[in-house]
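One letter stands for each residue in the lines below.
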Amino acid sequence: MNRMNRHTALLLAFAATVASLPAPAVAYGVATYGDSLKGNIIRWGTPNISYYLDEAGTKGLTAAQAQQCMKDSFAGWEQSANSQGTVCTSLHFTYAGTTTVKKVLPLSTSYNIYEDGKNQLVWINSGWTFGDQVLGVTMVNGSWSWSGTITESDIAFNGQNYNWNVTGDVGYWNNDMDCRSVAIHEIGHLFGLQHVLSGASYTDPPTIPRSASRFRRSRIPKSPSQHSAGNAAANTD
């Protein structure tokens, strides 16, 4: 979904849902600004990205547990992905503190764009409007220039319809959902990665699949190759 407004030239939203995935394919895609084939890749103009975390928790997680899940998910992208020490991304993520803000970019309307220059990850524990099968929504924002440079990115997580955990449990009937699986997926969007154009293997899901489902989770890449968006490396297996 693409949106534009009077203040920004780049406003892109990505949603993770519980829908199933089709056949295997590469693990990430990139967005371009302007011409779809020749336009500039949408990415950060700096390798150093700070972020703020919701000061509150959500169903199943205390504030401390939820915040640690997000920190671990950011750290996972910076960890070595193979025996050669290749990291998943050369971006550096820094925790900047907590936030009480709930009006983040994904909740923007055509009349109100909730931009404040901060990258915020928040739980929407009531008033979730994206559908009960949507786990999280990421929106990136940029400038009027044709560079495709991201200037802000926010993530909203569905705290209304799911019971979140940090144990890896995923349950179909009781709506249990693993926090890190979804957070890793959405953070990929935060720095510019898009969904793959087709599917993924059930036993070897991609980092940024078309959707994050209860049974086909996002994960840290294990065989990275260089990916120019945000000076990042992402897997293509």
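Just so it is clear, the model here is predicted, and its values are computed rather than measured.

So, how was this worked out
- Residues numbered from 1 in each chain as written.
- Predicted model: local features only at pLDDT ≥ 70, side-chain atom pairs only at ≥ 80, totals over all residues.
- Heavy atoms only, no water.
- pLDDT = per-residue confidence, 0-100.
- Contact = heavy atoms within 4.5 Å.
- Helix = DSSP H or I, 4+ residues; strand = E, 2+ residues; numbered from the N terminus.
- Buried < 20%, exposed > 50% of the residue type's maximum accessible area, 1.4 Å probe, protein only.
- Polar contact = N/O pair within 3.5 Å; in protein donor to acceptor, adjacent residues only side chain to side chain.
- Pairing = 2+ DSSP bridges.
- Phe/Tyr/Trp six-rings, centres within 6.5 Å; stacked < 30°, edge-to-face > 60°.
- Lys NZ or Arg CZ within 6 Å of the ring centre and 35° of its normal.

### Brief notes about the confidence of the model for the chain
Right, so step 1: On average, residues of the chain carry a pLDDT of 73, and 61% of them reach 70 or more.
Right, so step 2: Taken together, the stretch residues 19-27 has pLDDT below 50 and engages in 35 contacts with residues farther than four places along the chain or on a different chain.
Right, so step 3: Counted against residues more than four places away or in other chains, residues 209-237, with its pLDDT under 50, gives 132 contacts.

### Concerning the side chain of S181
Right, so step 1: For S181, the location among the structural elements is in helix α2 (residues 179-190).
Right, so step 2: What makes S181 buried here is its relative accessible area of 10%.
Right, so step 3: Polar contacts involving the side chain of S181 include one to the side chain of D178, which spans 2.5 Å.

### Examining the pairing of strand β11 (residues 149-158)
Right, so step 1: Taking burial as the measure, the ten residues of β11 include eight buried ones, the bulk of the element.
Right, so step 2: Judged from the two bridges that link them, strand β6 (residues 43-44) and β11 form a sheet pairing that is parallel. Following the sheet pairing, R43 is matched in β11 by T149.
Right, so step 3: By the bridge criterion, seven bridges tie strand β10 (residues 134-142) to β11 in an arrangement that is antiparallel. Within β11, the position partnered with V137 by the bridge is A156.

### Looking at the packing of aromatic side chains
Right, so step 1: Taken as a whole, this structure holds ten aromatic pairs when the rule is applied.
Right, so step 2: Where F74 meets F93, the ring centres are 5.0 Å apart and the plane angle is 50°; that geometry is what we call tilted. Of this pair, F74 sits in helix α1 (residues 63-78) while F93 is found in strand β8 (residues 92-99), placing the two residues 19 residues apart along the sequence. You'll find F74 and F93 in the same group, each marked buried.
Right, so step 3: Aromatic pair W128 and F130: ring centres 5.0 Å apart, planes at 65°, arrangement edge-to-face.
Right, so step 4: For F130, a relative accessible area of 26% gives the class partly exposed.
Right, so step 5: The lysine or arginine in question, K71, covers the ring of Y95, its NZ or CZ lying 4.1 Å from the ring centre.
Right, so step 6: K118 extends its terminal NZ or CZ atom over the ring of Y52, reaching a point 4.9 Å from the ring centre.

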